[in-house]
Amino acid sequence: MSTYTHELMINHHGRGFLTQVAETLHVWRQRYQSRRELAQWSDRELHDVGISWSDVAYEAEKPFWRA
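From a predicted model like this one, the values you see are computed outputs, not experimental measurements.

Caption draft 1: Geometry of the side chain of Lys62. Positionally, Lys62 belongs in the segment after helix H4 (53-60). The exposure class of Lys62 is buried, given its relative accessible area of 12%. A distance of 3.0 Å separates the side chain of Lys62 from the backbone oxygen of Ala67, its partner in a polar contact.

Caption draft 2: How the structure looks around the packing of aromatic side chains. Throughout the structure, instances matching the rule amount to two aromatic pairs. Judged by centre distance (5.2 Å) and plane angle (65°), the ring pair of Trp28 and Phe64 falls under edge-to-face. With a gap of 36 residues between them, Trp28 in helix H2 (residues 14-38) and Phe64 in the segment after H4 connect regions that are remote in the sequence. Looking at Phe64, the relative accessible area reads 34%, which means it is partly exposed. Pairwise contacts between aromatic rings join Trp28, Phe64 and Trp65 into one cluster.

Caption draft 3: Expanded view of a nonpolar patch on the surface. A grouping of Phe17, Leu18, Val21 and Leu25 is seen on the molecular surface, where their side chains present a nonpolar patch of about 370 Å² in accessible area. Mapping Leu25 onto the fold places it in helix H2.

Conventions we followed
Residues numbered from 1 in each chain as written. Predicted model: local features only at pLDDT ≥ 70, side-chain atom pairs only at ≥ 80, totals over all residues. Heavy atoms only, no water. Helix = DSSP H or I, 4+ residues; strand = E, 2+ residues; numbered from the N terminus. Buried < 20%, exposed > 50% of the residue type's maximum accessible area, 1.4 Å probe, protein only. Polar contact = N/O pair within 3.5 Å; in protein donor to acceptor, adjacent residues only side chain to side chain. Phe/Tyr/Trp six-rings, centres within 6.5 Å; stacked < 30°, edge-to-face > 60°. Patch = residues over 30% accessible without salt bridge, like charges linked within 9 Å, V, L, I, M, F, W, Y side chains within 5 Å. Areas by Shrake-Rupley, 256 points an atom, 1.4 Å probe, with all protein chains shown as cover. Salt bridge = Lys/Arg side-chain N within 4 Å of Asp/Glu carboxyl O.

These results come straight from atomic positions and should not be treated as a statement about function.
Here you go:
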């Protein structure tokens, strides 16, 4: 039977890991919202920024986890 010291049982990920998870969730939410907003743009707005409806469709159909 092995003996574990207190040091070996400490979660070394700590806040860094939770921060990374929170940041990832934040990025995913931003992507989702941005793609939904882009899908609502008018022809004029799309023309102004040089984006076609096919570009919008391609971007809007991506899952939120894909950049």
